[in-house]
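A look at the structure
Below, each chain spelled out in residue letters.
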There are 2 protein chains.
Amino acid sequence: MRVTIDPPYLRLLRLLRNEGAISRAELADRLQLPRPRLLAEVERLVAAGYLVEAGMAASRGGRRSTLVELHPRLRFAAVDLGASSIDVEVTNGRLEPVANYTEEADIRSGPKVILHRVNELLAKARVEGAYDRLDAIGIGVPGPVSFRDGVPVSPPIMPGWDRFGVRELLTREHGCPAVVDNDVNIMAVGEQHGGVAHSVQDFLFVKIGTGIGCGIYLNDGVYRGTDGCAGDIGHIQVDPHGPMCSCGNVGCLEALFSGTALARDAMVAARAGSPALADRLAARGVLTARDVAEGATEGDVACIKLIREGGHRLGSVLASLVSFANPSMIVIGGGLAQLGHILLAEIRSAVYRRSLPLATGNLPIVLSELGSRAGVTGAAVLASDVAFEQAS
Amino acid sequence: MRVTIDPPYLRLLRLLRNEGAISRAELADRLQLPRPRLLAEVERLVAAGYLVEAGMAASRGGRRSTLVELHPRLRFAAVDLGASSIDVEVTNGRLEPVANYTEEADIRSGPKVILHRVNELLAKARVEGAYDRLDAIGIGVPGPVSFRDGVPVSPPIMPGWDRFGVRELLTREHGCPAVVDNDVNIMAVGEQHGGVAHSVQDFLFVKIGTGIGCGIYLNDGVYRGTDGCAGDIGHIQVDPHGPMCSCGNVGCLEALFSGTALARDAMVAARAGSPALADRLAARGVLTARDVAEGATEGDVACIKLIREGGHRLGSVLASLVSFANPSMIVIGGGLAQLGHILLAEIRSAVYRRSLPLATGNLPIVLSELGSRAGVTGAAVLASDVAFEQAS
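Source: prediction; values computed, not measured.

The rules behind each value
Residues numbered from 1 in each chain as written. Chains lettered and ligands numbered in written order. Predicted model: local features only at pLDDT ≥ 70, side-chain atom pairs only at ≥ 80, totals over all residues. Heavy atoms only, no water. Helix = DSSP H or I, 4+ residues; strand = E, 2+ residues; numbered from the N terminus. Rg over C-alpha atoms; globule rule 2.2 N^0.38 Å. Buried < 20%, exposed > 50% of the residue type's maximum accessible area, 1.4 Å probe, protein only. Contact = heavy atoms within 4.5 Å. Areas by Shrake-Rupley, 256 points an atom, 1.4 Å probe, with all protein chains shown as cover. Lys, Arg positive; Asp, Glu negative; His and termini not counted. Charge placed at Lys NZ, Arg CZ, Asp CG, Glu CD. Buried area = accessible area lost by both parts, 1.4 Å probe. Polar contact = N/O pair within 3.5 Å; in protein donor to acceptor, adjacent residues only side chain to side chain. Nonpolar A, V, L, I, M, F, W, Y, C, P; charged D, E, K, R; others polar. Least-squares fit on C-alpha atoms with pLDDT ≥ 70 in both. Core = buried A, V, L, I, M, F, W, Y, C linked by side-chain atoms within 4.5 Å. Axes fitted to C-alpha atoms, helices over the stretch in contact; angles between N-to-C directions. Left-handed = near helix turned anticlockwise from the far one by under 90°. Arc of directions from axis to C-beta. Domains from an automatic or database assignment. Salt bridge = Lys/Arg side-chain N within 4 Å of Asp/Glu carboxyl O. Pairing = 2+ DSSP bridges. Phe/Tyr/Trp six-rings, centres within 6.5 Å; stacked < 30°, edge-to-face > 60°.

Before going further, it helps to spend a moment on the overall build of chain A. Assigned secondary structure in chain A consists of 14 helices and 15 strands. A compact globule built from 392 residues would reach a C-alpha radius of gyration of about 21 Å, and chain A, at 23 Å, matches this within 12%. In terms of overall dimensions, chain A has C-alpha extents of about 75 × 50 × 40 Å along its principal axes. In chain A, which comprises 392 residues, the share counted as buried stands at 60%. Taking the contacts inside chain A whose residues are at least 6 apart along the sequence as the reference set, 59% of them involve residues at least 24 apart. Working note: accessible area of chain A is about 15,900 Å², and carbon and sulfur atoms make up 51% of it. Averaged over its 39 positive side-chain charges, chain A has a centre that lies 4 Å from the centre of its 43 negative ones.

On to the interface of chain B and chain A, then. Contact residues are listed per partner, giving 49 residues for chain B and 49 residues for chain A. Roughly 4,400 Å² of surface becomes buried between chain B and chain A when both sides are summed, with 53% attributable to carbon and sulfur atoms. Where chain B meets chain A, there are 18 residue pairs in polar contact (both at pLDDT 80 or more). A total of five residues in the side of chain B that touches chain A trace back to one element, the largest contributor, which is helix α11 (residues 301-325) of chain B. Its residues assigned to classes, the side of chain B that touches chain A shows 26 nonpolar, 12 polar and 11 charged.

With that settled, the discussion passes to the relation of the copies chain B and chain A. Between chain B and chain A, the superposition needs a rotation of 180° and an axial shift of 0.0 Å, giving an RMSD of 0.0 Å. Taken together, the rotation and translation describe the operation of a two-fold axis. Looking at the interface residues of chain B, 100% of them are also at the interface in chain A, so both copies use one shared face.

Ranked by internal contacts, the top residues of the largest apolar core, which has 93 residues, are Leu-318 and Phe-324 of chain A together with Leu-318 and Phe-324 of chain B. Residues within four places of Leu-318 of chain A in sequence aside, it is in contact with Val-206, Ile-233, Ile-330, Ile-332, Ile-347 and Val-351 of chain A. Ranked by size, the runner-up nonpolar core spans 51 residues in total, among them Tyr-9, Leu-27, Leu-38 and Phe-147 of chain A.

The next point concerns the packing of helix α10 (residues 289-297) of chain B against α11 of chain B. Residues and elements named next belong to chain B. Following both chains from N to C, one finds α10 and α11 inclined at 115°, their axes separated by 7 Å at the closest point. The way α10 lies across α11 gives a crossing that is left-handed. Note on element contacts: α11 touches α10 through Cys-303, Ile-304, Leu-306 and Ile-307, opposite Asp-291, Val-292, Gly-295 and Ala-296.

Our focus in this paragraph is helix α9 (residues 275-284) of chain A. All names here are of chain A. Along α9, the residues that are buried comprise Ala-276, Leu-277, Arg-280 and Leu-281. Down the axis, α9 shows its buried residues gathered within 125° of arc, on one side only. Across from the buried face of α9, at angles greater than 90 degrees, the exposed residues are Pro-275, Asp-279, Ala-282 and Ala-283. Elements that come into contact with the buried residues of α9 comprise α8 (259-271), α10 (289-297) and α11 (301-325). Downstream of α9 by one or two residues, Gly-285 has phi in the positive range, about 75°.

On to the domain arrangement of chain A. Residues and elements named next belong to chain A. Each assigned domain of chain A is listed with its residue range as follows: domain 1 (8-70), domain 2 (76-190 + 373-389) and domain 3 (198-368). Using only C-alpha atoms to locate each centre, domain 2 and domain 3 end up separated by 25 Å. In this complex, domain 2 contributes 13 residues to the contact, which on the side of domain 3 involves 15 residues. Taken together, the two surfaces of domain 2 and domain 3 that pack against each other cover about 1,200 Å², and 65% of this comes from carbon and sulfur. For the pair domain 2 and domain 3, the number of links is two salt bridges. Residues Lys-207 and Asp-183 are paired through a salt bridge, measuring 2.6 Å at the closest nitrogen-oxygen approach. Between the two partners, domain 2 and domain 3, sit two residue pairs in polar contact (both at pLDDT 80 or more). Mapped onto the side of domain 2 that touches domain 3, the elements with two or more residues apiece are β8 (145-146) and α6 (183-194). Looking at the side of domain 2 that touches domain 3 element by element, the count peaks at six residues for α6.

Attention now goes to the sheet that holds strand β4 (residues 76-81) of chain A. As a general point, the strands of a sheet are linked pairwise by backbone hydrogen bonds and lie either parallel or antiparallel. Residues and elements named next belong to chain A. Overall, mixed pairing links the five strands, which are arranged β6-β5-β4-β7-β10 in an open sheet. The open sheet terminates on both sides in strands that have one partner only, identified here as β6 (97-104) and β10 (178-182). Neighbour-to-neighbour, the strand axes of this sheet turn through a mean angle of 10°, independent of strand direction. Where strand β5 (residues 85-91) lies against β6, seven bridges are found, and the strand directions are antiparallel. The partner of Ile-86 across the bridge, within β6, is Glu-103. On top of the sheet, helix α14 (residues 374-389) reaches β4, β5, β7 (136-141) and β10; it is set at about 140° to β4, its chief contact.

As for its position among the elements, Glu-43 of chain A is in helix α3 (residues 35-47). Each C-alpha atom, one on Glu-43 of chain A and one on Glu-53 of chain A, is 9.8 Å from the other, the two residues being 10 residues apart in sequence.

Take the pattern of salt bridges next. Residues and elements named next belong to chain B. Scanning the model with the defined rule gives 52 salt bridges over all chains in all. Its salt-bridge partner being Arg-280, residue Glu-294 comes within 3.2 Å of it at the nearest N-O pair. Here Arg-280 lies in helix α9 (residues 275-284) and Glu-294 lies in helix α10, a separation of 14 residues in the sequence. For Glu-294, a relative accessible area of 33% corresponds to the partly exposed category.

Turning our attention to the packing of aromatic side chains. Applying the stated rule across the entire model yields five aromatic pairs over all chains. Aromatic pair Phe-324 of chain A and Phe-324 of chain B: ring centres 6.1 Å apart, planes at 85°, arrangement edge-to-face. Highlighted residues: Phe-324 of chain A in helix α11 and Phe-324 of chain B in helix α11, drawn from two different chains. With respect to class, Phe-324 of chain A is no different from Phe-324 of chain B; both count as buried. Between the aromatic rings of Phe-203 of chain B and Tyr-217 of chain B, the centroid separation amounts to 5.1 Å while the plane-to-plane angle is 25°, which identifies the pairing as stacked. On the criterion of sequence distance, the pair formed by Phe-203 of chain B in strand β11 (residues 203-208) and Tyr-217 of chain B in strand β12 (residues 212-218) is long-range, its members being 14 residues apart.

Before going further, it helps to examine the environment of Ala-345 of chain B. Relative to the helices and strands, Ala-345 of chain B resides in helix α12 (residues 340-354). Ala-345 of chain B sits in the partly exposed class, given a relative accessible area of 43%.

All names here are of chain A. Spatial ordering of the open sheet is given by β13-β12-β11-β14-β15, a layout of five strands whose pairing is mixed. One side of each edge strand has no neighbouring strand; the edge strands of this open sheet are β13 (221-222) and β15 (365-367). As defined by bridge partners, strand β11 (residues 203-208) adjoins strand β12 (residues 212-218) across six bridges and the pair is classed as antiparallel. Each residue of the ladder has a partner; that of Val-206, found in β12, is Cys-214. Of the strands in this sheet, β11, β12, β13 and β14 (330-333) touch α6, which is tilted by about 50° from β12. Here α11 sits on the sheet and contacts β11, β12 and β14; the angle it forms with β11, its principal contact strand, is near 160°.

Spelled out as structure tokens, the structure:
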């Protein structure tokens, strides 16, 4: 069997990030390091500015041991770009937010406008005292990314971003390492770090928002595939006679069920007489997925039907992926997770009916716990990982 | 980033298995071990009966170094159970066959009959001098397996095998460790060890035989999923209005395209007037996938159409899996790989048209090189791995 071992300094830094101050004695036990080796690592990381000593631990019977924690000066920037939003968070070493900003922005404005705004928000955070300098930046974008190159690659809903040097721009501007990933991957990482998948090592995070994507978390890390585009399930064909998709093919999953598709179908349903949707359309002249969610809560039949049909479509695709990948959990997140339990029931029903009994005997299908914070949380985790790797 | 490190003795034994005799000096270099550490490992493994010294290596300039190789007495048994066949091979430490037997057998005869026959063939090999004792046995079965427990789990085409203690029976009978896996997983391992996927670390092995299954090879090993049933793609639904499948659902991939489905469709085509198929049916009273393959080679239109339709179905499923998993190669194996280049062209066309350009820009879709030997090759690899792990 394979044994996966990270170098001790990485395990040490991650442990302090996830759990806070720990005594030297306990660190030696937890990391299974000989005490002299542990002390040497700690000394090196203190000198390099990653750690500080933090007083004495409670006695464990013998001599009291010194507590060690991450340097309070450490700062990571986490950025989550959505189709229509920018989320920026600055965190300390333990990934606790010290500043955050959320605003609307159209990703189609292009990388220069959007990243300029990100830099303005980070500059604001600096002026407001959130940091002196950043140790690393993590950023998620709503499209396929070459993780190795730090650039988006042919992202369907991000005109102007193809192969744009996102990592290079941020690294140059802030003088620290940066890591660029797909928005769904960072949400999966976030949910594993601080959400419902905390104790799970193999799971799928399915984001239903403007589009649909899937973060694949395997063996304690994001699985990105050969070219970094694993998890692109929004363009799996579910109906060869279905509607045209933005990608140029027909009948893709996200052409049938996504924020965009649901808004389109809601317009049709409003005109066909759904009271909840017709009222909302008359009041505001436009409909979104949120209107469908609210209509369903009020018991509007057309809204419930739309959610059920969408859940069934998505569930059928997930059933295939469960047969293929046999994960131990599926987490549903993204804006449309607000469609809630009607959606969840339909997805569960499709997956449990269609997949191999062995694969679904013990397969929780649950809503994201972190919600809209999953993205920045995961971006902060990736930023800290890349910063910690510099400590080698 | 994660660093995967196997213990030195495992890397040493695998290297000698894959490459044959190597000098101590070169081993220390290749394994990046300090020379005293390497010499101690070699000495320990010689004493334990895994290694022998094999003369002097050619000089590399300084003192000549002693060659080391696997003990010539090492023997592994590799068993590949198909729906209608038993393949047994006994190999030496380098996985070269020293005896092999192939015969027809119906897996539905149940585990006692089939494994008794396996034991008879192994006894025959012993009597004929192929081995004194076995160091490990690897066996593949045509159904889902709990790899951890060494038992088949709810295998659709293997009545009587559910939860039968295959590993326990073989271990008891032969007094050596045994490893049980799905037939498709062992084929993937075989193809990686000695076939077309030799230099590849992430690929899918798709077996088209009586049924359809997929071996998922990720990060240098088989990915088995949470319950060990990853890769069960034969029961992905491709047509909600399709024919009933043996699993009880409708429209599964293998109900539409597999050896069984092709034989069924060939009967229909023969009665509808396909000359190639009608002649063969008249001559033998029965049709198989092989008849369709031969008919297609002769240019029979109905046969070509059947293969094209099947290839298109399979290609559509593979397109979804490519979008999801972004592998670096797809290998097509199993009995129906004999359908050859018409099938391959259709699969390629469906995958390249439907998947994300980034994922297919450099994605070879190729036929298995090892053919019917992929299974026993992989079973021998797994047997050697489990034997080597005992050397800790």
